[in-house]
Amino acid sequence: MTTWEPGREVDAIVVGGGLAGLAATRRLAANGLSVALVEKRERLGGSSAMSGGWFALSGTAVQRRMGVEDTDEIFVADMIETGGGFADEELLLRLVERQAHAIAEIDRAAAWTDELKVSAGMTVARAHLIRIRELLGFLEHEAVADGAVILPSRAADGLVWDAGRVVGIRSALGDLHARAGIVLTSGGFSRSPELLELFVPHQAAAMPYGGIGNTGDGLRMAWALGAGLADIGHVAGTYGQHADTGDDEHELLTANYLGAILVNARGERFTDESESYKVLGSAVLGQPERMAHQVFDSVVRARSKPGVPLSDMERIEELGHLVSAPTLAALEHELGIPGGQLERTVGQYNESVSGRRDDRFGRTGLVNGVGTLVPIETAPFYAYPAVTAMTSTFGGLKVVPDTSVVRMDGTRIDGLYAAGEVVGGFHGASYMTGTALTKALVFGIEAADTVTRG
Ligand SMILES: Cc1cc2nc3c(=O)[nH]c(=O)nc-3n(C[C@H](O)[C@H](O)[C@H](O)COP(=O)(O)OP(=O)(O)OC[C@H]3O[C@@H](n4cnc5c(N)ncnc54)[C@H](O)[C@@H]3O)c2cc1C
């Protein structure tokens, strides 16, 4: 099958061609099943292709080489802590248990880099930078080589239910049937103002972002069959990108994790800047003009890593979004902050860094309490004006660890599986950097193995 053939039956259908969908498709094909991947956009990739490429993984060769001690137990404990105790522990245990499958795919794709860092929600360096586009390209290539059929510009509009199970998808182009299962990997709902307003009205002012196709289609389709939901009310935007960021530009910066402070449009600090960027995202939505400047000096500027998402200040300077000035007074003027306030704020912060007073917001480290704070005192000075963007929606369908979609009472919807951002339960109230991509890869593979087992 190389084109859409209405009425045609395959073993499995995968809905959505981001990381979770490509991982599932490649594995299904490798397991010997006939599989069709339908993607509603003309290009595969979704949010995965736009992402920073950070994966949270524990016990890796990169960590060992860098002398970082990490275990599956610490990884799970950090996720539970970050999620405020709301995450589903069984899902987290399956995630760490099966991360070896993800690591093996990254190995095969030769997509590792040596970049490793502590990021939001971590107590040790666990965020691994992976060449995400290479990984996606590898999975697609291998899937096609094993006989998978990839059908872009084909949206699934609904699920076909027959004799007590899901047996296919509906589409404007005609129905397509599957003998073994349907895997929903259609991403989140960051591009659906309607669903954001419904589930998290307090976040509705966040800048819409993420894959253009991520309008919650899979959620709605499964919901229509009675699927349960998890973590949905906790969905929150990510703080840290310019209000003019283009759809194809990865512009997130977390200079605060390198030593910057956040000040609002009045030049005042308002939070502990070492918190997860999801927590910061909610805090920034409550500030005047719903924005905050990341303010830092030349010492922090020198920590920039060109080409490394979240730490690349060169790219932001090239885009004309970094403001600089020789003095704090001049920076304050450039930013339109009322006279003297920025200097006062930085002065107070520097006193707490030097230990002369306690920090008003309890900040004790660069990120998640880890890392030594530095004073902001060495000219020139910089500011990155940034807003909260709805990059991903980490709540979604309720699943059990084998990826079966379940109703609120825990019963399975036979024939229906889900993986990636369309799924909830892993993050709870907040989010650790890199867990969205890890979850997509690990559970895309897991869904394929579950469908294969039948
Ligand atoms: C700027 C940015 C940076 C990020 N950085 C990171 C990071 O560094 N680390 C991390 O862990 N997470 C990061 N994330 C989040 C992460 O990228 C996503 O959560 C993850 O990629 C989701 O993968 P997925 O396969 O579930 O969905 P996606 O990659 O979004 O793929 C879903 C696909 O399904 C398609 N689709 C939707 N509806 C239908 C339909 N009805 N029929 C057919 N196809 C459909 C979509 O068009 C899309 O192609 C980032 C997100 C953004 C936007």
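If you're wondering where the values come from, they're calculated on a predicted model, not measured in any experiment.

### Things to note about the site of the ligand
Alright, step 1. If you check the shell around the ligand, you find 42 residues, and the closest are Glu39, Ser48, Asp217, Glu421 and Leu437.
Alright, step 2. Here an oxygen atom of the ligand sits 3.4 Å away from a polar atom, N or O, in the main chain of Gly18.
Alright, step 3. Within the side chain of Asn214, a nitrogen or oxygen atom sits 2.9 Å from an oxygen atom of the ligand.
Alright, step 4. In the complex, 98% of the free accessible area of the ligand, which totals 1,000 Å², lies under the protein chains.
Alright, step 5. Elements represented by at least two residues in the shell around the ligand include exactly α1 (19-30), α2 (46-50), α9 (217-223) and α15 (435-453).
Alright, step 6. When the residues that make up the shell around the ligand are grouped by side-chain class, the tally is 14 nonpolar, 22 polar and six charged.

### Thoughts on the pattern of salt bridges
Alright, step 1. Tallied over the entire structure, the rule returns 27 salt bridges.
Alright, step 2. In this structure, Arg412 engages Asp402 in a salt bridge whose closest nitrogen and oxygen atoms are separated by 2.7 Å. Here the residue Arg412 occupies a position in strand β19 (residues 412-418), and Asp402 occupies one in the loop between β17 (396-397) and β18 (404-406), the gap between them amounting to ten residues.
Alright, step 3. Each member of the salt-bridge network shares a partner with another, and the members are Arg94, Glu97, Arg98 and Glu446.

### So, the side chain of Thr245
Alright, step 1. Among the structural elements, Thr245 can be located in the loop between β12 (238-241) and β13 (261-263).
Alright, step 2. Of the residues examined, Thr245 reaches a relative accessible area of 8% and is grouped as buried.
Alright, step 3. A polar atom in the side chain of Thr245 sits 3.2 Å from the side chain of Glu251.
Alright, step 4. With near-sequence residues (within four places) excluded, Thr245 lies in contact with Met207, Tyr209 and Glu251.

### As for the sheet that holds strand β4 (residues 112-117)
Alright, step 1. Read from one edge of the open sheet, three strands run β3-β5-β4, paired in antiparallel fashion. Each end of this open sheet is capped by a strand with a single partner; those strands are β3 (54-56) and β4. Strand-to-strand twist in this sheet, taken as the mean axis angle between neighbours without regard to direction, amounts to 35°.
Alright, step 2. In terms of strand pairing, β3 meets strand β5 (residues 127-130) through three bridges, oriented antiparallel. Residue pairing for β5: Trp54 is matched across the bridge by Leu129.

### Brief notes about helix α7 (residues 132-145)
Alright, step 1. Here α7 spans 20 Å end to end across 14 residues, near enough to the 20 Å set by a 1.5 Å rise per residue.
Alright, step 2. Of the residues making up α7, those classed as buried are Ile132, Leu135, Leu136, Phe138, Leu139 and Ala143. Down the axis of α7, the buried set is contained in an arc of 160°. They therefore lie on one face. Along α7, exposed side chains directed more than 90 degrees from the buried face belong to Arg133, His141 and Ala145.
Alright, step 3. Where α7 is buried, its residues touch α1, α2, β3, α6 (99-109), β5 and α15.
Alright, step 4. One or two steps after α7, the chain reaches Gly147, where phi turns positive at roughly 100°.

Calculation criteria
Residues numbered from 1 in each chain as written. Predicted model: local features only at pLDDT ≥ 70, side-chain atom pairs only at ≥ 80, totals over all residues. Heavy atoms only, no water. Near = heavy atom within 4 Å. Polar contact = N/O pair within 3.5 Å; in protein donor to acceptor, adjacent residues only side chain to side chain. Areas by Shrake-Rupley, 256 points an atom, 1.4 Å probe, with all protein chains shown as cover. Helix = DSSP H or I, 4+ residues; strand = E, 2+ residues; numbered from the N terminus. Nonpolar A, V, L, I, M, F, W, Y, C, P; charged D, E, K, R; others polar. Salt bridge = Lys/Arg side-chain N within 4 Å of Asp/Glu carboxyl O. Buried < 20%, exposed > 50% of the residue type's maximum accessible area, 1.4 Å probe, protein only. Contact = heavy atoms within 4.5 Å. Pairing = 2+ DSSP bridges. Axes fitted to C-alpha atoms, helices over the stretch in contact; angles between N-to-C directions. Expected span 1.5 Å × (residues − 1). Arc of directions from axis to C-beta.

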